[in-house]
Amino acid sequence: LLMSGSQCARLGGPLVRQLLDSVDSVLFDCDGVIWRGDQAIPGAARVISLLKQRGKKVFFVTNNSTKTRKMYADKLSSLGFDAAEDEVFGTAFCCAAYLRSECGLRGKVYLVGSDAMRQELEAVGIQAVGVGPDPVSGKQLDWASVPLDPEVQAVVVGFDEHFSYMKLNRAMQYLTQKDCLFVGTNRDTRLPLEGGKAVPGTGCLLQAVETAAQRQAQTVGKPSRFMFECVAQRFGLRPERCLMVGDRLDTDILLGSACGLKTLLTLTGVMVPDYYVESIADLLPALQGE
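Since the structure is predicted, the reported quantities are computational estimates derived from the model, not experimental observations.

Draft legend 1. Region of interest: a nonpolar patch on the surface. Residues Leu 191, Leu 193 and Val 199 make up a contiguous nonpolar surface patch of about 210 Å² in total accessible area. Looking at the element boundaries, Val 199 is found in strand E12 (residues 198-200). We classify Val 199 as partly exposed; its relative accessible area is 33%.

Here you go:
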């Protein structure tokens, strides 16, 4: 039974088979859905394996910008998942794809982000400057006149553990140039950790830059439609034959709803998805023919 956008069904029994028969591709969020930290969710690897055995295309879609596709594929393999590099779509990769294919960028970018983002940008021929610490020196007038690379055509903001006042200042100075593009990986403001703890997310850094520059960034991560389009264009996916599985309503489920995908929530939240399960392992009985 396919539910409307205003209803939500507990997924189980025959409904699982009916849902799986109605889709050709399944997109999984990663952290909180197939793993927590460095531990696989029990049963998740088996679910992925059986989906593939049944001819389903499987993709891993994450807003995390701190890893390259290869780094994610390696982590998936180490946790026992059947996953290939080209099935992984993180915001580092998608941001590079957006700048190259959608913006036609040929110059450099000033990157507030990780070395993994730099690698993904360079893989498509875009040189990134600014990775690593940027300590403050001089006085305020010096900061306002900080040297700028004339080849920089975009400011890109992802997760950056070295985020600082000087990086905020450099980004602002570049963005005073009207032709300078402004792109963010995602707007997640908090990164949930084990034991109910959390740390500030990329959205906090992006909002700081937006406030300083008095400009709004274009974001590529969930719930931006570009995140799905990045996958769909490469594999010829039909939205109505896709299922988005996630644990966050404001990113995963919102992306699925915006793009016309079926949606499956693995935890709890405030927005109503089409289906929900306590754990991804709830799919096992139907996949194993039980």
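Draft legend 2. Region of the structure containing the domain arrangement of the protein. Each domain of the protein was delimited in the assignment, giving domain 1 (9-63 + 223-288) and domain 2 (105-219). Using only C-alpha atoms to locate each centre, domain 1 and domain 2 end up separated by 31 Å. Counting from both sides, the interface comprises 6 residues of domain 1 and, opposite them, 6 residues of domain 2. When the buried surface of domain 1 facing domain 2 is broken down by residue, Asn 63, Ser 224 and Arg 248 rank first, second and third, together holding 75% of it. For the pair domain 1 and domain 2, the interface holds 1 salt bridge.

Draft legend 3. A look at the side chain of Ser 114. Looking at the secondary structure, you find Ser 114 in the loop between strand E7 (108-112) and helix H5 (115-123). By relative accessible area, Ser 114 is classed as buried at 13%. If we ignore the near neighbours within four places in the chain, the residues touching Ser 114 are Ser 65, Thr 66, Val 131 and Phe 159.

Draft legend 4. Representation of the sheet that holds strand E8 (residues 128-129) in the model. Strand order in this open sheet of 5 strands is E8-E7-E9-E10-E13, and the pairing throughout is parallel. Because the sheet does not close on itself, it has two edges, and the strands there are E8 and strand E13 (218-219). Note that E7 and E8 share 2 bridges and pair parallel. Of the residues in E8, the one forming a bridge with Tyr 110 is Val 129. Across the sheet, H5 is in contact with E7, E8 and strand E9 (152-157); its angle to E7 comes to roughly 165 degrees.

Draft legend 5. Highlighting the pairing of strand E5 (residues 57-62). Among the 6 residues that make up E5, 5 are buried, leaving the element largely enclosed by the rest of the structure. Strand direction decides the pairing type here: strand E2 (residues 25-28) and E5, joined by 4 bridges, are parallel. Across the sheet, Phe 28 pairs through a bridge with Phe 60, a residue of E5. Pairing geometry for E5 and strand E6 (residues 88-90), over 3 bridges, is parallel.

Draft legend 6. Spotlight on the environment of Asn 63. Position of Asn 63 among the secondary structure elements: in the loop between E5 and helix H3 (69-78). Along the chain, Asn 63 and Thr 91 lie 28 residues apart, while their C-alpha atoms are 5.2 Å from each other. Residue contacts for Asn 63: discarding those within four places in its chain leaves Thr 91, Asn 186, Asp 188, Gly 221, Lys 222, Met 227 and Thr 251. A polar contact of 2.8 Å, which involves the side chain of Asn 63, links it to the backbone nitrogen of Lys 222.

Draft legend 7. The arrangement of the sheet that holds E5 in detail. With respect to topology, 7 strands assemble into an open sheet ordered E1-E16-E15-E14-E2-E5-E6, the strand pairing being parallel. This sheet does not close on itself; its edge strands, each paired only once, are strand E1 (9-10) and E6.

Draft legend 8. Structural view of the state of the cysteines. For the coordinates displayed, the defined rule picks out 0 disulfides. Cysteine Cys 94 is unpaired, with the sulfur of Cys 230 as its nearest cysteine sulfur at 3.4 Å. According to the relative accessible area criterion, Cys 94 is buried, its value standing at 0%. Lacking any disulfide linkage, Cys 242 is separated from the closest cysteine sulfur, that of Cys 259, by 9.5 Å.

Draft legend 9. Layout of the UniProt feature "active site" (unreviewed entry) in the protein. Mapped onto the present numbering, the UniProt feature "active site" (unreviewed entry) falls at Asp 29 and Asp 31. If you take the residues mentioned a moment ago, the ones lining the largest pocket come down to Asp 29 and Asp 31. Within the secondary structure layout, Asp 29 lies in the loop between E2 and strand E3 (35-36). When residues no more than four places from it in sequence are discounted, the contact partners of Asp 29 are Ile 34, Val 61, Thr 62, Lys 222, Met 244, Val 245, Gly 246, Asp 247 and Asp 252. Among the polar contacts made by the side chain of Asp 29, one reaches the side chain of Lys 222 at a distance of 2.8 Å. Position of Asp 31 relative to the elements: it lies in the loop between E2 and E3. Beyond its immediate sequence surroundings of up to four residues, Asp 31 is in contact with Arg 36, Gly 37 and Asp 247.

Draft legend 10. Main features of the packing of helix H4 (residues 91-102) against H5. Where H4 meets H5, the closest approach of the two axes is 8 Å, and the angle between their N-to-C directions is 40 degrees. Both H4 and H5 take part in a crossing whose hand is right-handed. Between H4 and H5, the residues in contact are Ala 92, Phe 93, Cys 95, Ala 96 and Leu 99 and Ala 116, Met 117, Glu 120 and Leu 121, respectively. Residues that form the contact of H4 with H5 fall into these classes: 8 nonpolar, no polar and 1 charged.

About the thresholds
Residues numbered from 1 in each chain as written. Predicted model: local features only at pLDDT ≥ 70, side-chain atom pairs only at ≥ 80, totals over all residues. Heavy atoms only, no water. Patch = residues over 30% accessible without salt bridge, like charges linked within 9 Å, V, L, I, M, F, W, Y side chains within 5 Å. Areas by Shrake-Rupley, 256 points an atom, 1.4 Å probe, with all protein chains shown as cover. Salt bridge = Lys/Arg side-chain N within 4 Å of Asp/Glu carboxyl O. Helix = DSSP H or I, 4+ residues; strand = E, 2+ residues; numbered from the N terminus. Buried < 20%, exposed > 50% of the residue type's maximum accessible area, 1.4 Å probe, protein only. Domains from an automatic or database assignment. Contact = heavy atoms within 4.5 Å. Buried area = accessible area lost by both parts, 1.4 Å probe. Pairing = 2+ DSSP bridges. Axes fitted to C-alpha atoms, helices over the stretch in contact; angles between N-to-C directions. Polar contact = N/O pair within 3.5 Å; in protein donor to acceptor, adjacent residues only side chain to side chain. Disulfide = S-S within 2.5 Å. UniProt positions renumbered as here; feature names shortened; annotations may be inferred. 1 Å grid on protein atoms, 1.4 Å probe; cavity = no way out; pocket = protein on both sides within 12 Å on 5 of 7 lines; lining within 4 Å. Left-handed = near helix turned anticlockwise from the far one by under 90°. Nonpolar A, V, L, I, M, F, W, Y, C, P; charged D, E, K, R; others polar.

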